[in-house]
Amino acid sequence: MIIELSLMNKEQREQVIAKAAEQIRNGEVVAFPTETVYGLGANGLDVSAVRKVFAIKRRPLDNPVILHVSEPDAVKDICRDIPLEAWDLMERFWPGPLTLLLPKKDVVPDEVTAGSSLVAVRCPDSEVARALIREAKVPIAAPSANRSGRPSPTRAMHVNEDLGDEVTMILDDGPTGIGLESTVLDLSMSPPMILRPGGLSREDLEQVLGVVNLAPGLIDMEAAPPAPGMKYTHYAPEAHLVLYEDLYPFEAMRNRITEEHEKGNSVGVLCFADQAEFFSIADIVLTYKDLIELAQNLFANLRIFDEKKVDVILVAGVSESDIGLAIMNRLRKAASELR
Ligand code: TXA
Ligand code: MG
C-alpha cells in the first residue's frame, strides 16, 4: 500500500515513520524514498529479514546489498579499520549519493555482503529515510525497490507496479531528486575505484581523493547472464533500445525512424527538448531540458516507453562528464544496440 507522506502534517508523518520502523524491527520489509531511487528496506543485521528482501525482488543471492545509516558515526558499529579518507568523504558528501565499501564487522551477516569481507554503506539525503533508520535503531539493508531486471523506481508508483502485492508499506515522498542510484566506491584499493558511477560525480570525488579509477567494464552484478549477442541486459526495457554514442546522430536517427516505420514498428525517441521538432515523425517523443532532468526522469521514461509498447527506442548519447557518466552507464545497460 502506498502511504503519501506529502499530504500529512508533521505529527502524522512521524506516526507513519514510527510504524514503518517498528515493522523493520519486527523483521518485515518496507519501501522508502531516498534522494536517488526508492529502496526496499529491512533490518540489515537480521538474516531472515534480509532474505525476504532478496526473495521479494527475485534478486540473485550473490548480489550484495547496501546498508543505510542515519549518520557517519553509525558506520563504526558495522565497519572496522575505517581509513581517514573514508571519514573525509563522509564529512564532505554525506548525507548524499555516495556508497563506500569498507571492511565489515562480524555483526554484518554474510547475506548482506554475499560473502565479501567488505560491506557497502551509505547515508541517504532524505529526511524520511534517515528518520526511518534512526527510529528502527538498526542499519537498513536496501537495494533499489524494483523487481530485478526492471528500471529502478523513482516514484512510489513504480514500486507499487513491481512489488505492490508483496510490500505492505510503501512510503511515498514524491519523485526522487537525483533519479539514478548512488556512486559505489571501493576504498580498499589505491587509487580508489568507482564500481558503479552514480549520483555523485567522479569529478567531485577526485577533489577529495586525487585520482579515482573506474572499474573495468563497470559490471553490475544485478544483471542476468547476458543473452547471446546482447551486450547488456540489466535495465533492459521490453523495446529494442538503440543508443547512439556518435555526437551528431540526428540524421541517422531520423532515417532509422523511417526504416522502422516501413517494417511496421512503432518508435519512441528520447532527446533534448530543442531537438523534439526534428523527430516529430516518431510515435512518442520524450524530452529533457538538461542532464539533471534526463537523470531524474530516465527510469520513469523507460517505463513509459514500455507502457506505450513502442517496438524501438532511439536515444542520443550524452557527454560522459559529471552526471553524464552515470547516465551513459545506465543507458548502455538498457541498450540492445550501440551505434
Ligand atoms: O542509490 C542507491 O544506491 C540505492 C538506494 C536505495 O540507496 N540502492 C541501490 O541498491 O541501488 P542496489 O542493490 O540496487 O545496488 C547496489 C549496488 C549493486 O551493484 C551491488 O552489487 C553493489 O552495490 N554492492 C553492494 N554491496 C557490495 C559489496 N559488499 N561489494 C561490492 N559491491 C557491492
Ligand atoms: Mg538496483
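It should be emphasised that the depicted structure is a prediction, and the values quoted were computed from it without experimental measurement.

Definitions and cut-offs
- Residues numbered from 1 in each chain as written.
- Chains lettered and ligands numbered in written order.
- Predicted model: local features only at pLDDT ≥ 70, side-chain atom pairs only at ≥ 80, totals over all residues.
- Heavy atoms only, no water.
- Phe/Tyr/Trp six-rings, centres within 6.5 Å; stacked < 30°, edge-to-face > 60°.
- Helix = DSSP H or I, 4+ residues; strand = E, 2+ residues; numbered from the N terminus.
- Buried < 20%, exposed > 50% of the residue type's maximum accessible area, 1.4 Å probe, protein only.
- Lys NZ or Arg CZ within 6 Å of the ring centre and 35° of its normal.
- pLDDT = per-residue confidence, 0-100.
- Contact = heavy atoms within 4.5 Å.
- Pairing = 2+ DSSP bridges.
- Axes fitted to C-alpha atoms, helices over the stretch in contact; angles between N-to-C directions.
- Parallel < 35°, antiparallel > 145°, perpendicular 65-115°, else oblique.
- Left-handed = near helix turned anticlockwise from the far one by under 90°.
- Nonpolar A, V, L, I, M, F, W, Y, C, P; charged D, E, K, R; others polar.
- 1 Å grid on protein atoms, 1.4 Å probe; cavity = no way out; pocket = protein on both sides within 12 Å on 5 of 7 lines; lining within 4 Å.
- Points joined across faces, edges and corners; volume = space filled by probe spheres on them.

Digging into the packing of aromatic side chains
Given two aromatic rings, their pairing is described by the distance between the two centres and the angle made by the two planes.
Then, in step 1: What the rule picks out here adds up to four aromatic pairs.
Then, in step 2: Ring geometry for F250 against F279: centres 6.3 Å apart, planes inclined by 55°, an arrangement best described as tilted. Of this pair, F250 sits in helix α9 (residues 250–262) while F279 sits in the loop between β13 (267–272) and β14 (284–288), and the two are 29 residues apart along the sequence.
Then, in step 3: Relative accessible area serves as the criterion here: at 0%, F279 is assigned to the buried category.
Then, in step 4: Here a set of aromatic residues connected by ring pairs shows up, and it is made of Y248, F250, F278 and F279.
Then, in step 5: Looking at R254, its charged tip hangs above the ring of F278, at a distance of 4.0 Å from the centre.

Things to note about the confidence of the model for the chain
Fine structural detail should not be taken from predicted coordinates in areas where pLDDT scores are low.
Then, in step 1: Counting all residues, the mean pLDDT for the chain is 93, and 95% of those residues have values of 70 or more.
Then, in step 2: Under a pLDDT of 50 for its full length, residues 219–233 has, in the predicted model, 29 contacts with residues more than four places off or in other chains.

Quick notes on the sheet that holds strand β3 (residues 39–43)
Pairing between the strands of a sheet is mediated by backbone hydrogen bonds and can be parallel or antiparallel.
Then, in step 1: Strand order in the open sheet formed by 11 strands is β1-β8-β2-β3-β7-β4-β6-β5-β9-β10-β11, with mixed pairing between adjacent strands. Either end of the sheet is taken by a strand with one partner, and the two such strands are β1 (2–4) and β11 (213–214).
Then, in step 2: Note that β3 and strand β7 (residues 140–141) share two bridges and pair antiparallel. Across the sheet, residue A42 finds its bridge partner in β7, namely A141.

Overview of the packing of helix α4 (residues 84–93) against helix α8 (residues 202–209)
Then, in step 1: The contact between α4 and α8 brings their axes to 10 Å, and the two run at 130°. Classed by the angle they form, the pair α4 and α8 counts as oblique. Viewed along their axes, α4 and α8 form a crossing whose handedness is right-handed. Every residue of α8 that contacts α4 at E85, D88, L89, R92 and F93 is listed here: D204, L205, Q207, V208 and L209.
Then, in step 2: Within the contact of α4 with α8, the residues separate by chemical class into five nonpolar, one polar and four charged.

Describing the environment of R92
Then, in step 1: Within the secondary structure layout, R92 lies in helix α4.
Then, in step 2: The spatial distance from the C-alpha of R92 to the C-alpha of I24 is 29 Å, given a sequence separation of 68 residues.
Then, in step 3: Once residues lying within four places of it in the same chain are set aside, the contact partners of R92 are Q207 and V208.

Observations concerning empty space enclosed by the protein
Then, in step 1: Following the criterion strictly, the structure yields one cavity of 30 Å³ or more and no others.
Then, in step 2: Volume-wise, the largest cavity comes out at about 50 Å³.
Then, in step 3: What lines the largest cavity is simply T183, I194, P197, G198, L200, S201, R202, E203, D322, L325 and A326.
Then, in step 4: Sorting the residues of the lining of the largest cavity by element identifies α8 and α11 (323–334) as the ones contributing at least two each.
Then, in step 5: Its residues assigned to classes, the lining of the largest cavity shows five nonpolar, three polar and three charged.

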